Amino acid sequence: MKSIGMKRLLGAVILACGLGSAGIGWAQQAQPAPQAQSQPQPAAPQPSAAAPPAAAPAVTVSAETKAARAKLDGYQADLDQKELALQGRTLSDADLQNLRLQIEPVIASIRSVIDEQAPRLEASRQRLSQLGPKPASGQPEESSDVARDRAEREAAVAELDETQRLGRALLVQAEQLNTQIGDLRRAGFTRALFEQSDSIFSPSLWMNVVQAIPRELRAQRIVFSDALDQAGRSLSLGVLLMLGLTVGIAIALYVGRRSIAPRLVRRDPAIIDPLHRNKLLAAVGVLVLSAGPAIAGSWIVWVAFDSADIAPPRLEQVMAAFLRGLAFIAFVRALIDAILAPDHTTWRLIPVRNESATRIMSFAITLATIIVVGKVIESFNAAIAAALPITVITRAVFALAVALVLAELLRRFAARANQDETCLGPYMAPEVDIGGPLRSLGWFIVAVIIGSVLGGYTALASFVVDQTIWITIVIAMLILCIALADEFIGGSLRSQSRLSTTLQANTGIRRRSLEQIGVLASGVARLALIIIALLLVLLPWGIESTDVTGSLRALFFGFSVGDLNISLSSVLIAAMLFTVGFTVTRVIQRWLDNTFLPATDLDAGLRNSIRTAAGYVGIITAGVVAFTYLGLSLERITIVAGALSVGIGFGLQSIVNNFISGLILLWERPIRVGDLVVVGDGEGYVRRINVRSTEIQTFDRSTLIVPNSNLISGIVRNRVRNDRVGRVIVSIPVPRATDPDVMAELMKRAALAHREIMSEPNPRVVFKKVTENTIDFDLVCFVDDIDSAGRVSSDLYFEVFREMRKAGIGVPPGAVPAPEENEEPRDDSSKKGGEEDETLTLLKDKSPA
């Protein structure tokens, strides 16, 4: 206590000295010059045109800066004390860890001070930059008010910048101390791990053990006598009742846990193929209900014994190791029962054989029991301060026991694999089992443990045993947690669950998008679980989460290249800003498509142009915001664009050409969505105008993708550029003997009778040409919508053909023309000729598909 008080007094003296010197300096700056006080003041100032500007007044440090520097001085004194503690003597791992825990809050506090000063410094620099540079020599002097304002702003920038530099220097010192402590801990861990002692077969080791036995027996008698004396002083009827009640409750929980889980979690063997979600819920239930009571029982007994204070502190550690061991055995059994389900084949998360599941369960419990017994004996050796040879023998014996049990397990699996290979009979699909790579890794671990024990590296053998068990438990828990994340995070969004249905109904997100979100969320959950598992695995190796987070912080908050700070956090946030802007743009486009634009009288082409222009504006705005957050100003973007102009000119010329052509199409609108156009040999309707190309749907339902540059520089026929009126031409060849006037009247009457033919312009019949056997007529008429031109043309062909049959034009030899209305049929079978057959053939060839 005295040393702590002296250290605090020394730190206070140092801090007071620092503040006093700083205050003297500030006071000296604030005091006027003595010479100026001794000079007599003139009665009245004489005006002068070339009077020099007034001297800038002395500037005092602001209260905020004083408080920040006081905090930094306190942090510096604390760090100096810790640095002296590291250099003074060799500290244990616990002391080093305690120092590290004390430094972490100091680092966080220094960072907060730096972050608080940063916006103030930036604001002061911006205010100073508004005054512009000082006048050069030979230029007119600035006024006294401007000079005073400039001096004040420069002083504010100087004091804030100095505070920032002091904070960064302290931050570097603290981080170096943190790194030094981590290096010392890892060095001590490595030194203790690879410390060599006598081999288990060394005669000198056993001789030392024999010589130490009498001393250990005396130490045990002393410890037990102390325990009995303390128990006699502390025990009373109430304490005995309390201890008996807690022990009874713990025994009930230990014994009853095997019946609690089967009663509350039903894994029905009659269900041949249960749902994967039901398997996971049953596994979690078994794990919690089987391990939870045992852990609760151990905790209750420990609280009771610790409160009663009936044993010395040395024996309390033995009791704690024993209770932790019981809980550990129950947890191992519950974990294997949850994942492998030895008694419930259909509810097994990993499809292994029944024999393998039962064997793994029994061997795992055996290994856990051996480890627990070894840990309890080690705690007892520490309680009685056992000699080093006895500690070495204890660790070596239990490490060899674990290695032999593990070797027997691997041998039985290898024998089972050989039996399956030599088995004759019908083919059966093999189940998942411990394969060759896992068995090889297991034999390697066994060899390392046995070799370390024989070589005298007992600490290394014990560490390998502990790590093997620990990593196995972590991997088992990781498998279970990943399965839970996949099922309840990704599966809830991929399947027709209540959550996915609710999200679709309330947000309007498509099912495909929900599935993609589910896959992404499941992947993020997997990555987080794997990182946590890696940290848990590396924890006993002397690598803590603070080491990893420090490296990740350096990567995340980045590094500087010139005056540009490059960091993963900035890139991620910029990408997030761009994603948010892109999403908002798509939402606005969808609102325009579905809500706003359909309520207007605009045509489909103009609506598509508005929608596309809104998309361009939104995406460009999101890109500018993202680049601005990254610190890329317009000047830097211009430099990058200039550097890329050569590549654009050569490699991306066609893409840029198509992009600019797309903008021209959207602005001038020579082609609109829904127009019927002819491009080369293709004809169809414009369905979409994209950034690079335009999609045209042809009459056979295929899609024609045309680069935008072809639509701008090439020849395009737009059938509906001004209106949707379409022309219909019906070409009819008839025999030369046909009366042209009758044929023309017949065709015109058929056109006027159709309800979709426009009366203005009037339908007209054109006498096209005369051939050797026929005369050709064209019926030219117009419809108000070109989409109906094909159907109207077909109707006219049918109608003209019917009228020709009625009039007897083009009737084949022997055929009877259709009777007129109110006219009896007549027999014209005597008429012969071949011109009618020719006409019918020509009509068939001319008719549209």
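Nothing here was measured: the structure is a model prediction, and the numbers come from that model. (Residues numbered from 1 in each chain as written. Predicted model: local features only at pLDDT ≥ 70, side-chain atom pairs only at ≥ 80, totals over all residues. Heavy atoms only, no water.)

Caption draft 1: Spotlight on the confidence of the model for the protein chain. Averaged over the protein chain, the pLDDT score is 78; the fraction of residues at 70 or greater is 80%. Low confidence marks residues 421-433, where pLDDT is under 50. Its contacts with residues over four positions away, or in another chain, come to 10 contacts. This model gives residues 813-849 a pLDDT under 50, and the stretch forms 43 contacts once residues within four places in sequence are excluded. (pLDDT = per-residue confidence, 0-100. Contact = heavy atoms within 4.5 Å.)

Caption draft 2: Structural detail: empty space enclosed by the protein. Within this structure, the stated rule accounts for 2 cavities of 30 Å³ or more. Here the largest cavity defines a volume of roughly 130 Å³. Lining of the largest cavity is provided by 13 residues; of these, Glu378, Phe398, Ala399, Ser462 and Asp466 occupy positions nearest its centre. Of all the secondary-structure elements, those providing two or more residues to the lining of the largest cavity are helix H10 (354-383), helix H11 (388-422) and helix H13 (458-494). Across the lining of the largest cavity, the residue classes tally to 6 nonpolar, 3 polar and 4 charged. (1 Å grid on protein atoms, 1.4 Å probe; cavity = no way out; pocket = protein on both sides within 12 Å on 5 of 7 lines; lining within 4 Å. Points joined across faces, edges and corners; volume = space filled by probe spheres on them. Helix = DSSP H or I, 4+ residues; strand = E, 2+ residues; numbered from the N terminus. Nonpolar A, V, L, I, M, F, W, Y, C, P; charged D, E, K, R; others polar.)

Caption draft 3: Structural view of the sheet that holds strand S3 (residues 676-679). Reading across from one edge, S6-S5-S4-S3-S7 is the order of the 5 strands in this open sheet, with antiparallel pairing throughout. Each edge of the open sheet is held by one strand with a lone partner, namely strand S6 (703-707) and strand S7 (716-718). Recorded for the sheet is a direction-independent mean angle of 40° between the axes of neighbouring strands. With 5 bridges joining them, strand S4 (residues 682-689) and strand S5 (residues 693-698) adopt antiparallel strand pairing. Counted as the bridge partner of tyrosine 685 is glutamine 697 from S5. (Pairing = 2+ DSSP bridges. Axes fitted to C-alpha atoms, helices over the stretch in contact; angles between N-to-C directions.)

Caption draft 4: View of the nonpolar core. With 73 residues, the main nonpolar core has Leu315, Ile449 and Val453 as its most contacted residues. Among the elements that make up this core, the one with the highest residue count is H11 (14 residues). Every residue in contact with valine 453, bar those within four places of it in the chain, is listed here: Ser199, Ile200, Ala396, Ala399, Leu400 and Ala461. (Core = buried A, V, L, I, M, F, W, Y, C linked by side-chain atoms within 4.5 Å. Buried < 20%, exposed > 50% of the residue type's maximum accessible area, 1.4 Å probe, protein only.)

Caption draft 5: Structural view of the sheet that holds strand S8 (residues 726-735). Taken in spatial order, the 3 strands line up as S8-S10-S9 in an open sheet, and their pairing is antiparallel. Sheet topology places S8 and strand S9 (764-770) at the edges, where each strand pairs with a single neighbour. Ignoring strand direction, the axes of neighbouring strands in this sheet form an average angle of 25°. When S8 meets strand S10 (residues 774-783), the two strands line up antiparallel, connected through 10 bridges. What sits directly across from arginine 727, in S10, is phenylalanine 782. Contacts between helix H22 (residues 740-753) and the sheet are confined to S8, S9 and S10, with S10 contributing the most and set at about 25° to the helix.

Caption draft 6: Local environment of the pairing of S5. Of all 6 residues making up S5, 5 are buried, and the element is well covered by its neighbours. Joining the antiparallel neighbours S4 and S5 is a turn of 3 residues. Two strands pair when backbone bridges link them, and S5 and S6 are joined in this way by 5 bridges, in the antiparallel orientation. For glutamate 695, the partnering residue across the bridge sits in S6 and is isoleucine 705. Hairpin connection from S5 to S6: 4 residues lie between these consecutive antiparallel strands, with arginine 701 at a positive phi of about 70°.

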